[in-house]
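Tertiary structure, described
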Amino acid sequence: MNITFSKLSLPKSGPVVFGIRGKSRLCPSVTALDKASGGSVRRAIDVSHFKGEKNQMLDIIAPHGLKNDMILFVGLGNQSLSETELQDLGGFIYASIDKLKQQRATIVVDFGSDPTQAAAHVAYGAKLRSYTFSKYKTNRKKDSSKVKKLIIAVNGEAKARSEFNKLGKLAEGVFLCRDLVTEPPNILYPATFAAEVRKLKRLGVKVDILGEAAMRRLGMGALLGVGQGSRKQSQLAVMQWNGGLASQKPVAFIGKGVTFDTGGISLKPGAGMADMKWDMGGAGAVAGLIKALAGRKAKVNAVGILGLVENMPDGDAQRPGDVVTTMSGQTVEILNTDAEGRLVLADALWYCQKKFKPCLMIDLATLTGAILVALAKEYGGLFSNNDELSNQLISAGKGSGEKVWRMPLSEIGGHYDKMIDSKIADMKNIGGRYAGSTTAAQFLQRFVNGVPWAHLDIAGMAWAEKTTATVPEGGTGYGVRLLDRFVQDNFE
Ligand code: BES
Ligand code: MN
Ligand code: ZN
């Protein structure tokens with residue numbers, strides 16, 4: 001979909017969208033429109049159920065006295081709209097235009113405390129909602145009826161356009177994540193994921209890919225153990241975006257990239273197993289974030305590390321009962337091969353500190369089903385050894401609309417930590433029946449060495465069954481907007 005910005009004026013033809021703040025308070029352009037229609041617009045509003053409530057819609061076909069095919073009114077409610085509410089509004093408008101089978105429309109933005117800002121966020125919300133994944137549909141006719149062009153009419157269109165261009169880079173990062181998450185697992189496996197990461201070089205990102213031999217030399221026994229049963233070679237993808245001062249220590253993002261999780265020898269039940277193609281949602285979010293940061297030339301030094309593996313059963317697969325040695329030197333007794341994400345992250349987190357000495361680390365992982373039990377699909381689970389970092393993430397969550405909720409974590413040696421002590425090794429990879437998301441986080445904490453760190457368990461957030469304002473059902477891209485906001489607020 002093509003989005004352009006133009007001067008504020010009443011388009012003489014085609015569908016046009018206006019915002020209305022409450023029924024009686026018409027924005028200046030609607031008043032002008034009403035005049036041009038000889039009062040028929042006002043009358044249509046009056047006789048309808050339309051009250052101007054937030055995101056309420058009213059469409060008038062072929063309005064009397066006007067050449068426009070269709071007028072669409074959208075309610076703005078009575079309060080002023082936040083950035084995320086403006087984005088939602090854009091998403092709703094897009095969906096209405098799409099539903100009315102219009103291929104192009106003009107949205108008049110003469111509302112908001114700063115209409116240029118409002119226009120950019122409305123356009124961004126529409127763009128986020130317009131995402132589709134149709135490359136495997138051989139008959140794309142259905143998609144050819146989608147909205148092709150949006151014109152945003154606003155006073156100060158140049159400013160709105162430049163603001164939108166920045167948000168557009170962020171949308172590209174979100175879309176990369178959605179694409180990766182949606183790709184089927186026979187197409188997206190560690191090597192092909194790494195190839196997608198290499199494409200970020202075009203944006204000035206430094207990319208290094210480590211194969212199994214390199215990881216073996218580094219002693220990454222935990223990550224390699226997970227990939228042991230797969231015909232596909234495991235990979236560690238390392239991205240660096242250096243947009244900050246050379247003296248600035250990097251902020252590091254680490255993603256779980258299990259391109260398919262069968263559970264391994266602790267095989268998962270068949271029902272719903274296909275969902276495990278998106279067990280690389282954390283890695284997808286980190287790749288999307290780095291793309292967004294590089295795309296908008298963010299003034300920050302950021303590192304992205306992806307642990308890319310496929311968890312398969314096989315004659316040579318890792319067994320429950322195996323003991324592996326991690327890159328840190330600590331040993332792990334594998335009691336369930338389906339608790340694989342923490343094993344991948346353990347080596348990735350350790351490598352990250354050794355190699356980059358980051359000022360802080362944030363990992364993202366579709367790590368536990370238990371986080372869905374606790375939080376459903378409302379919040380990502382946040383576990384952290386640092387209150388300041390936690391608060392920064394909670395606030396970035398509110399600002400971006402990708403919310404997180406802090407969950408309990410013990411210190412090393414504390415109650416929850418003891419739950420992963422093993423009888424024959426330093427630790428085991430499962431903690432028992434209770435507090436499953438916390439014991440997974442405790443496991444990770446044994447590989448962070450006290451560096452300020454946060455773990456985001458996004459098992460509930462990476463995939464959506466239901467469409468919302470700015471997120472169509474399917475891969476959500478969760479984490480990209482959250483962490484871009486976190487970087488903007490705290491590093492730029
Ligand atoms: N990838 C899964 C977690 C998951 C579940 C993600 C549902 C998305 C939706 C993870 O590797 C896993 O299998 N976790 C186990 C851990 C258990 C064996 C300790 C789980 O949550 O059941
Ligand atoms: Mn698993
Ligand atoms: Zn998994």
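What counts as what
- Residues numbered from 1 in each chain as written.
- Chains lettered and ligands numbered in written order.
- Predicted model: local features only at pLDDT ≥ 70, side-chain atom pairs only at ≥ 80, totals over all residues.
- Heavy atoms only, no water.
- Salt bridge = Lys/Arg side-chain N within 4 Å of Asp/Glu carboxyl O.
- Helix = DSSP H or I, 4+ residues; strand = E, 2+ residues; numbered from the N terminus.
- Buried < 20%, exposed > 50% of the residue type's maximum accessible area, 1.4 Å probe, protein only.
- Donors = N, O, S within 2.8 Å, 3.2 Å for Na, K, Ca; no water.
- Tetrahedral: all angles 85-135°; square planar, octahedral: opposite > 155°, others 65-115°.
- Domains from an automatic or database assignment.
- Contact = heavy atoms within 4.5 Å.
- Buried area = accessible area lost by both parts, 1.4 Å probe.
- Polar contact = N/O pair within 3.5 Å; in protein donor to acceptor, adjacent residues only side chain to side chain.
- Nonpolar A, V, L, I, M, F, W, Y, C, P; charged D, E, K, R; others polar.
- Near = heavy atom within 4 Å.
- Areas by Shrake-Rupley, 256 points an atom, 1.4 Å probe, with all protein chains shown as cover.
- 1 Å grid on protein atoms, 1.4 Å probe; cavity = no way out; pocket = protein on both sides within 12 Å on 5 of 7 lines; lining within 4 Å.
- Points joined across faces, edges and corners; volume = space filled by probe spheres on them.
- Phe/Tyr/Trp six-rings, centres within 6.5 Å; stacked < 30°, edge-to-face > 60°.
- Lys NZ or Arg CZ within 6 Å of the ring centre and 35° of its normal.
- Disulfide = S-S within 2.5 Å.

1. With respect to the pattern of salt bridges
A complete count under the given rule lists 22 salt bridges for this structure. Across the salt bridge formed by lysine 377 and glutamate 465, the nearest N and O atoms sit 3.6 Å from each other. In this pair, lysine 377 sits in the loop between helix H12 (370-375) and strand S14 (380-384) while glutamate 465 sits in the loop between strand S18 (463-464) and strand S19 (474-475), placing the two residues 88 residues apart along the sequence. By relative accessible area, which is 34% here, lysine 377 ends up partly exposed.

2. Thoughts on unusual backbone geometry
With phi around 65°, asparagine 55 is a residue other than glycine that occupies positive phi space. As for its placement among the helices and strands, asparagine 55 is situated in the loop between helix H2 (40-47) and strand S3 (57-61). On the basis of relative accessibility, which here comes to 21%, the residue asparagine 55 falls in the partly exposed class. The phi dihedral of alanine 435 is positive, around 50°, even though this residue is not glycine. Position of alanine 435 among the secondary structure elements: in the loop between strand S16 (427-428) and helix H15 (436-445). Alanine 435 sits in the partly exposed class, given a relative accessible area of 33%.

3. Digging into the coordination of the manganese ion (ligand 2)
Protein coordination at the manganese ion (ligand 2): the donors are Asp261 (OD), Asp338 (O), Asp338 (OD) and Glu340 (OE), at 2.0 to 2.2 Å from the metal. In this structure, the manganese ion (ligand 2) is surrounded by 6 donor atoms whose angles at the metal cover 70 to 166°, and the resulting shape is irregular. Ordering the donors of the manganese ion (ligand 2) by residue number gives the pattern D-x76-D-x1-E. The metal-metal distance between the manganese ion (ligand 2) and the zinc ion (ligand 3) comes to 3.1 Å, with aspartate 261 coordinating both.

4. What about the domain arrangement of the protein chain?
Reports often express the size of an interface as the amount of accessible area lost when the parts come together. Each assigned domain of the protein chain is listed with its residue range as follows: domain 1 (2-155) and domain 2 (169-491). When each unit is reduced to the centre of its C-alpha atoms, the spacing between domain 1 and domain 2 is 39 Å. The interface is formed by 15 residues belonging to domain 1 together with 20 residues belonging to domain 2. Contact between domain 1 and domain 2 buries roughly 1500 Å² in total, counting both sides, with carbon and sulfur atoms accounting for 63%. The largest per-residue losses of area from domain 1 upon contact with domain 2 belong to Leu128, Arg129 and Tyr131, which jointly make up 42% of the total buried on that side. If you look at where domain 1 meets domain 2, you find 2 salt bridges. Inspection of the domain 1/domain 2 interface yields 7 residue pairs in polar contact (both at pLDDT 80 or more). Listing elements by their share of the side of domain 1 that touches domain 2, those giving two or more residues are helix H3 (83-99) and helix H4 (115-129). The residue inventory of the side of domain 1 that touches domain 2, partitioned by class, reads 6 nonpolar, 4 polar and 5 charged.

5. Quick look at the coordination of the zinc ion (ligand 3)
Those protein atoms acting as donors to the zinc ion (ligand 3) are Lys256 (NZ), Asp261 (OD), Asp279 (OD) and Glu340 (OE), and they sit at 2.0 to 2.4 Å. Because the angles between the 6 donor atoms bound to the zinc ion (ligand 3) fall within 78 to 174°, the donor set is best described as octahedral. Along the chain, the residues donating to the zinc ion (ligand 3) fall in the pattern K-x4-D-x17-D-x60-E.

6. Re the site of ligand 1
Contacts to ligand 1 come from 16 residues, most closely from Lys268, Asp279, Asp338, Glu340 and Gly369. With respect to ligand 1, the side chain of aspartate 261 contributes an N or O atom lying 2.9 Å from an oxygen atom. Between ligand 1 and lysine 268, the relevant distance is 2.8 Å, taken from an oxygen atom to a side-chain nitrogen or oxygen of the residue. Protein chains shield 77% of the accessible area of ligand 1, which is 520 Å² for the free molecule. Its residues placed into classes, the shell around ligand 1 shows 5 nonpolar, 4 polar and 7 charged.

7. Re empty space enclosed by the protein
Taken as a whole and assessed by the stated rule, the structure comprises 3 cavities of 30 Å³ or more. Of the voids in this model, the largest cavity is the one considered here, and its volume is about 40 Å³. Lining the largest cavity are Gly225, Val226, Gly229, Gly264, Ile265, Asn311, Met312, Ala317, Gln318 and Thr337. Among the residues forming the lining of the largest cavity, the class breakdown is 4 nonpolar, 6 polar and no charged.

8. Considering the packing of aromatic side chains
This structure, assessed with the given rule, holds 9 aromatic pairs. With centroids separated by 5.5 Å and ring planes inclined at 50°, the aromatic side chains of phenylalanine 5 and phenylalanine 164 adopt a geometry described as tilted. Of this pair, phenylalanine 5 sits in strand S1 (residues 2-6) while phenylalanine 164 sits in helix H6 (residues 157-182), and the two are 159 residues apart along the sequence. Phenylalanine 164 shares its class with phenylalanine 5; the two are buried. Between the aromatic rings of tyrosine 131 and phenylalanine 175, the centroid separation amounts to 5.0 Å while the plane-to-plane angle is 50°, which identifies the pairing as tilted. Of this pair, tyrosine 131 sits in the loop between H4 and helix H5 (141-144) while phenylalanine 175 sits in helix H6, and the two are 44 residues apart along the sequence. Among the aromatic residues, ring-to-ring pairing joins Phe18, Phe50 and Phe73 into one connected group. The ring of tyrosine 189 carries lysine 232 above its face, with NZ or CZ at 4.1 Å from the centroid.

9. Structural notes on the state of the cysteines
According to the stated counting rule, one finds 0 disulfides in the structure shown. With no disulfide of its own, cysteine 177 lies 19 Å from the sulfur of cysteine 352, the closest cysteine sulfur. Distance from the sulfur of cysteine 359, which forms no disulfide, to the nearest cysteine sulfur (cysteine 352) is 10 Å. Classification of cysteine 359 by relative accessible area gives partly exposed; the value is 27%.

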